[in-house]
Amino acid sequence: MAQVSINRDLDEWGLSTDSGERARLLQSPSVDIAPKSEGEAPPGGLGGGTTSTLGAIFIVVNACLGAGLLNFPAAFSTAGGVAAGITLQMAMLVFIISGLVILAYCSQASNERTYQEVVWAVCGKLTGVLCEVAIATYTFGTCIAFLIIIGDQQDKIIAVMAKEPEGAGGSPWYTDRKFTISLTACLFILPLSIPREIGFQKYASFLSVVGTWYVTAIIIIKYIWPDKEMTPADTLNRPASWIAVFNAMPTICFGFQCHVSSVPVFNSMRRPELKTWGGVVTAAMVIALAVYMGTGICGFLTFGAAVDPDVLLSYPSEDMAVAVARAFIILSVLTSYPILHFCGRAVIEGLWLRYQGMPVEEDVGRERRRRVLQTLVWFLLTLLLALFIPDIGKVISVIGGLAACFIFVFPGVDPR
């Protein structure tokens, strides 16, 4: 699942100052890209950055792994078992890696450094606008999913702290899910989302990586040494239908989607060459595949067809090791929401400026008022939807379809 940030100085990109340039500012965290200059770029490609091959692998892996990990056991159940889930992932991995290489090739051919810029340059204005709208919608939906995840994990933690069964009647009002999500979001997420710049991406990335690996380790350990109270339901051995297999695709696309951040990662490399990049994305996808398969297989075999769309909800509330995993996920989501909101806000800002024909260098006060208004509207809408759509599986099915567009559709568009 991609986590991206915004380049805060437009002049560093060497771009013109028309009102549409602001929409194309997405950049991956921890990426140091050399300034784009016509004189510096070598023929047929862009100038190199400072990221090593190993560093590029880590960044791509980090862009893939995230909260989408929690849904893979349910995806295996939907697909019809372990064999179907593995086959589906392996088949999709071919297209995922191919799409990443195609994007790098188009980046070299067009001399552009971000996903949106490549789509604009190669596919034209209409497809470029559709790409920007898709990115804004995807980040919006992912923010909703993050808030649902916070509520899911808090419900389990509060049940342990209150020492009462989950959903028990007569619970205090301050343990109500709607109140806890709203309080957490207002205290932590909203203040982090309003600033014009975000400087904590490296901390968010670290938390995400640590939390992801810990969750995977716990799920594998709990499968090997299960608790007595965890009894698996019936496990499927074959898909119920081909439609069931395809229903698992949005979750897999959501998990492996790193294509939006892949273009700046490619251009940040010391030697941005297609052959080297092919090795980078192949190694990164194999690592991500191992994590997702470990989580998906062990989580599915532990609970069978009864596995929850958020696998951590299937474990007992009292399990302390799982409680730590829930805390890691909450921390990761709390810092990931502002970053994704930042990206979506930049795209919306660019679309608005282009529509109005307004210059980028405008009055700072007007920009601040517009930014605060955009943030408040975004925050309130995602919060309300998260409160009234408690099933994360429904949200993943929608944003997973958008992730499929970034993987399959835009890289495969014929510019002719």
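None of these values were measured; they are calculated from a predicted model.

(A) Examining the overall build of the protein chain more closely. Along its length, the protein chain carries 14 helices and 2 strands. Per-residue burial for the protein chain yields a buried fraction of 56% across its 416 residues. Sequence-distant contacts, at least 24 apart, represent 85% of the contacts inside the protein chain between residues at least 6 apart.

(B) Quick look at the nonpolar core. Tyr-115, Leu-147, Phe-256, Trp-277 and Met-285 are the most contacted members of the largest nonpolar core, which totals 104 residues. Once residues within four sequence positions are removed from consideration, Met-285 is found in contact with Val-60, Cys-64, Leu-93, Ile-96, Ile-97, Leu-100, Phe-256 and Cys-258.

(C) The arrangement of the packing of helix α3 (residues 82–110) against helix α11 (residues 274–303) in detail. α11 packs onto α3 with a crossing angle of 155 degrees between their chain directions and a minimal axis gap of 10 Å. Between α3 and α11, the angle falls in the class roughly antiparallel. For the element pair α3 and α11, the recorded crossing hand is right-handed. Packed against α3, whose contacting residues are Val-82, Ile-86, Gln-89, Met-90, Leu-93, Ile-96, Ile-97, Leu-100, Val-101, Ala-104, Tyr-105 and Gln-108, the element α11 presents Leu-274, Trp-277, Gly-278, Val-281, Thr-282, Met-285, Leu-289, Tyr-292, Met-293, Ile-297, Phe-300 and Leu-301 at the interface. A breakdown of the residues in the contact of α3 with α11 according to their chemical character gives 20 nonpolar, 4 polar and no charged.

(D) Seen up close, the packing of aromatic side chains. Following the criterion strictly, the structure yields 13 aromatic pairs and no others. Relative to Phe-408, the ring of Phe-95 lies with its centre 6.1 Å away and its plane at 70 degrees, an arrangement referred to as edge-to-face. Here Phe-408 lies in helix α14 (residues 392–412) and Phe-95 lies in helix α3, a separation of 313 residues in the sequence. Connected via pairs of aromatic rings, a cluster forms that spans Tyr-115, Tyr-138, Phe-254, Phe-406 and Phe-410.

(E) The arrangement of helix α4 (residues 115–123) in detail. Buried residues dominate α4, accounting for 7 of its 9 residues. Here α4 has its buried residues at Tyr-115, Gln-116, Glu-117, Val-118, Val-119, Trp-120 and Cys-123. Trailing α4 by a residue or two, Gly-124 shows a phi angle of about 100 degrees, which is positive.

(F) Structural view of the confidence of the model for the protein chain. Confidence in the prediction of the protein chain, expressed as mean pLDDT, is 81, and 81% of residues score 70 or more. No element of the protein chain has a lower mean pLDDT than strand β1 (residues 5–6), which averages 34, and none a higher one than α11, which averages 94. Under a pLDDT of 50 for its full length, residues 2–46 has, in the predicted model, 135 contacts with residues more than four places off or in other chains.

(G) Local environment of the side chain of Ser-193. Tracing the chain through its elements places Ser-193 in helix α6 (residues 177–193). Since its relative accessible area comes to 3%, Ser-193 is described here as buried. If sequence neighbours within four positions are ignored, Ser-193 has contacts with Tyr-337, Pro-338, His-341, Arg-345 and Thr-375.

(H) A look at a nonpolar patch on the surface. On the surface, Trp-173, Tyr-174, Phe-179, Leu-183, Leu-187 and Phe-188 cluster together into a nonpolar patch covering about 660 Å² of accessible area. Looking at the element boundaries, Leu-183 is found in helix α6. Take Leu-183: its relative accessible area is 40%, and that puts it in the partly exposed class.

(I) How the structure looks around the environment of Asn-71. For Asn-71, the location among the structural elements is in the loop between α1 (53–64) and α2 (72–79). Sequence spacing of Asn-71 and Val-307 is 236 residues, and the spatial spacing of their C-alpha atoms is 9.6 Å. The contact partners of Asn-71, leaving out residues within four places of it in the chain, are Thr-251, Pro-309, Asp-310, Ile-392 and Ile-396.

(J) Expanded view of unusual backbone geometry. For Asn-111, which is not glycine, the phi torsion reads 60 degrees and is therefore positive. Inspection of the secondary structure puts Asn-111 in the loop between α3 and α4.

(K) Region of interest: the pattern of salt bridges. Counted under the stated rule, the structure contains 7 salt bridges. In this structure, Lys-222 engages Asp-319 in a salt bridge whose closest nitrogen and oxygen atoms are separated by 2.5 Å. Taken together, the residues Lys-222 in helix α7 (residues 201–224) and Asp-319 in the loop between α11 and α12 (320–356) connect sequence positions 97 residues apart. Here Lys-222 and Asp-319 have matching classes, each one buried.

(L) Quick look at the environment of Trp-213. As for its position among the elements, Trp-213 is in helix α7. Judged by relative accessible area, which is 43%, Trp-213 ranks as partly exposed. Put simply, Trp-213 and Val-291 are 78 residues apart on the chain and 7.6 Å apart in space, counted from C-alpha to C-alpha.

(M) Local environment of the packing of α3 against α14. For the pair α3 and α14, interaxial distance at closest approach is 9 Å and the crossing angle is 50 degrees. As summarised for this structure, α3 and α14 are arranged oblique, according to the angle between their axes. Crossing geometry of α3 relative to α14 is assigned as left-handed. Touching Met-92, Phe-95, Ile-96, Gly-99, Ile-102 and Leu-103 of α3 are Ile-407, Phe-408 and Pro-411, all from α14. Residues belonging to the contact of α3 with α14 are distributed by class as follows: 8 nonpolar, 1 polar and no charged.

(N) Geometry of the environment of Leu-380. Counting through the fold element by element, Leu-380 comes out in helix α13 (residues 364–388). When the C-alpha atoms of Leu-380 and Ala-185 are compared, they prove to be 9.8 Å apart, with 195 residues separating the residues in sequence.

About the criteria used
- Residues numbered from 1 in each chain as written.
- Predicted model: local features only at pLDDT ≥ 70, side-chain atom pairs only at ≥ 80, totals over all residues.
- Heavy atoms only, no water.
- Helix = DSSP H or I, 4+ residues; strand = E, 2+ residues; numbered from the N terminus.
- Buried < 20%, exposed > 50% of the residue type's maximum accessible area, 1.4 Å probe, protein only.
- Contact = heavy atoms within 4.5 Å.
- Core = buried A, V, L, I, M, F, W, Y, C linked by side-chain atoms within 4.5 Å.
- Axes fitted to C-alpha atoms, helices over the stretch in contact; angles between N-to-C directions.
- Parallel < 35°, antiparallel > 145°, perpendicular 65-115°, else oblique.
- Left-handed = near helix turned anticlockwise from the far one by under 90°.
- Nonpolar A, V, L, I, M, F, W, Y, C, P; charged D, E, K, R; others polar.
- Phe/Tyr/Trp six-rings, centres within 6.5 Å; stacked < 30°, edge-to-face > 60°.
- pLDDT = per-residue confidence, 0-100.
- Patch = residues over 30% accessible without salt bridge, like charges linked within 9 Å, V, L, I, M, F, W, Y side chains within 5 Å.
- Areas by Shrake-Rupley, 256 points an atom, 1.4 Å probe, with all protein chains shown as cover.
- Salt bridge = Lys/Arg side-chain N within 4 Å of Asp/Glu carboxyl O.

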